[in-house]
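# Inside the fold
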Amino acid sequence: MEAALRSRARRAALACWNRLASSRSSSDVAALAESGEAAWKWAVRKKVWSLCESGVSTVPRNRYPVFRGANVAAYTLSRKLPEYRDSFCVCVGSDTVLKPVRTMLLRAKKSVLIPHLQTGTFRMINPAAMTTTQIAEACMKGKFVNFGRDMKMDEFVIVNFIVVGSVAVDPQTGARIGKGDGLEDMEYVLLRRMKINEKTLVVTTVDDKQLVSDMPIELMAKHDVPVDVICTPTRIIFTGTSLPKPTEILWDKLTLERLYELGAVRDVKNKIEKETGKLVKLSPAQTRPPPLKRDDADSDPTIFISELNPTVTEEELQQHLKQLGVREPVSLFKARQKLVARVRVPQGSDIAPSISSIEGSELKGWRLKARQDVWGAQI
């Protein structure tokens, strides 16, 4: 029986990936499907990111695509999702692509619960007494922590539905692939501890190019969160998913290094150990695919910016770079616990003047450092 399920999963992976990458040989695809769910997911991510980079998304890969129809997808959610009208509290991820959803909810005077596991748990923002300017600021990824209050893990909260970002989703089964850090999966499990249940809808907003049919559900992991509703700029899809939603953190998949990056998860671990008197066993190591790197012929030069003030936001950095004459999209991420920015420029461009103008410039009291590398290099 197990062999039959494994064989069916392999055939489904082959069919799905062949549609995504028809240029690959069958032997390459077969090896990919046999190598496990993690490798298969990363291959799908890479292909979807490539599709979105062709005029759809303004944010580099390793992130959720910030597609140009994000505002329209948020409007689709508000007009065609029955649960929206009567909702009073919605949990929305802090990702840039979900900013239109957060803005729409706060302007409609609905409370928004925003997860931030790195520094706390969940931030509850009630817009009842907020001005229009405050709402606009609270919707920014790095500014929402200045509003509302932190929720305690043992607090009871009623959440009408949850909105998450996605790299790829299956419109038929609701199977979802995130950006690979497992953050949304842990956020969902923590929400389960705050008394939401399996019937609470999970909604995502994506571009139509992020829809991938016939994902092999047999290859989805236990911690993967499926979606009930998909909102795109052109339609709303009710997946009617039958895939189970996770209820517990898979501690054996979590490394000690990762645990100490997530304060809220660390607090849950300490609480469990205190209640049970037993140590929670973590993963001894984490095998994660190396950073994706496109073929050399297709690699764009990249500017890496370091020595950033930890409180700086993407919007502030983007505005600073525009004043220096650098207009390419910028993205922030953490490397070795430090904030770093990546700016990808078109292939063949002379980026030496940009590096010179960024190097030594001051932003929020910090002098920036800049260097060149190809996309995918380590910091």
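Residues numbered from 1 in each chain as written. Predicted model: local features only at pLDDT ≥ 70, side-chain atom pairs only at ≥ 80, totals over all residues. Heavy atoms only, no water.

The next point concerns unusual backbone geometry. Even without glycine at this site, Lys109 takes up a positive phi of about 65°. Tracing the backbone through its elements, the reader meets Lys109 in the loop between helix 6 (99–107) and strand 2 (111–115). A residue is classified by how much of its surface remains accessible, and Lys109, at 45% relative accessible area, is partly exposed. A positive phi angle, near 60°, is found at Glu307, a position not held by glycine. Mapped onto the fold, Glu307 is located in the loop between strand 11 (301–306) and helix 11 (314–323). Glu307 gets classed as partly exposed once you look at its relative accessible area, which sits at 33%. (Helix = DSSP H or I, 4+ residues; strand = E, 2+ residues; numbered from the N terminus. Buried < 20%, exposed > 50% of the residue type's maximum accessible area, 1.4 Å probe, protein only.)

To continue, consider the packing of helix 4 (residues 70–80) against helix 6. Remark: helix 4 packs on helix 6, axes separated minimally by 8 Å, with the N-to-C direction vectors making an angle of 45°. Here helix 4 lies oblique to helix 6, going by the angle between them. Considering only the axes of helix 4 and helix 6, their crossing is right-handed. Where helix 4 abuts helix 6, its residues Ala70, Asn71, Ala74, Leu77 and Ser78 lie against Pro100, Val101 and Met104. (Axes fitted to C-alpha atoms, helices over the stretch in contact; angles between N-to-C directions. Parallel < 35°, antiparallel > 145°, perpendicular 65-115°, else oblique. Left-handed = near helix turned anticlockwise from the far one by under 90°. Contact = heavy atoms within 4.5 Å.)

Here the focus is the nonpolar core. Judged by nonpolar contacts, the single largest core of 49 residues is most densely connected at Leu77, Leu81, Phe161, Val163 and Val203. Per element, the largest residue contribution to this core is six residues, and it comes from helix 3 (residues 37–53). In this structure, Leu77 is in contact with Tyr84, Met104, Phe161, Val163, Val203, Thr205 and Cys231, ignoring residues within four places of it in sequence. Membership of the second largest hydrophobic core comes to 38 residues, among which are Ile162, Leu191, Ile196 and Val265. (Core = buried A, V, L, I, M, F, W, Y, C linked by side-chain atoms within 4.5 Å.)

Let us look at the confidence of the model for the protein. Any residue range with low pLDDT should be treated as having predicted coordinates unsuitable for detailed reading. A residue-level look at the protein finds 80% of positions with pLDDT of 70 or above and a mean pLDDT of 81. Of all helices and strands in the protein, the one with the weakest mean pLDDT is helix 2 (residues 26–34) (41), whereas strand 9 (residues 229–231) scores best (98). pLDDT under 50 marks residues 21–35. Its contacts with residues more than four places away, or in other chains, come to 15 contacts. Low pLDDT, under 50, characterises residues 374–379; the predicted model gives this stretch 24 contacts beyond four residues in sequence or across chains. (pLDDT = per-residue confidence, 0-100.)

With the rule as written, the count across this model stands at one aromatic pair. On the numbers, 6.4 Å between centres and 55° between planes, the contact of Trp42 with Trp49 is tilted. Grouping residues by exposure puts Trp42 and Trp49 together as buried. If you follow Lys110 out to its NZ or CZ, it ends over the ring of Tyr84, 4.9 Å from the centre. (Phe/Tyr/Trp six-rings, centres within 6.5 Å; stacked < 30°, edge-to-face > 60°. Lys NZ or Arg CZ within 6 Å of the ring centre and 35° of its normal.)

Another point: the state of the cysteines. All told, the structure shown has zero disulfides when counted by the stated rule. Between Cys89, a cysteine without a disulfide, and Cys91, which holds the nearest cysteine sulfur, the sulfur-to-sulfur distance is 7.7 Å. The exposure class assigned to Cys89 is buried, which follows from its relative accessible area of 4%. (Disulfide = S-S within 2.5 Å.)

Where charged atoms of side chains with opposite charge meet at close range, the side chains can pair. The tally for this structure, following the rule as stated, stands at 16 salt bridges. We note a salt bridge from Glu273 to Lys269, for which the minimum N-O separation is 2.8 Å. Placement of both Glu273 and Lys269 in helix 10 (residues 263–276) is noted, with a separation of four residues, approximately one turn of the helix. With relative accessibility at 15%, the residue Glu273 sits in the buried group. (Salt bridge = Lys/Arg side-chain N within 4 Å of Asp/Glu carboxyl O.)

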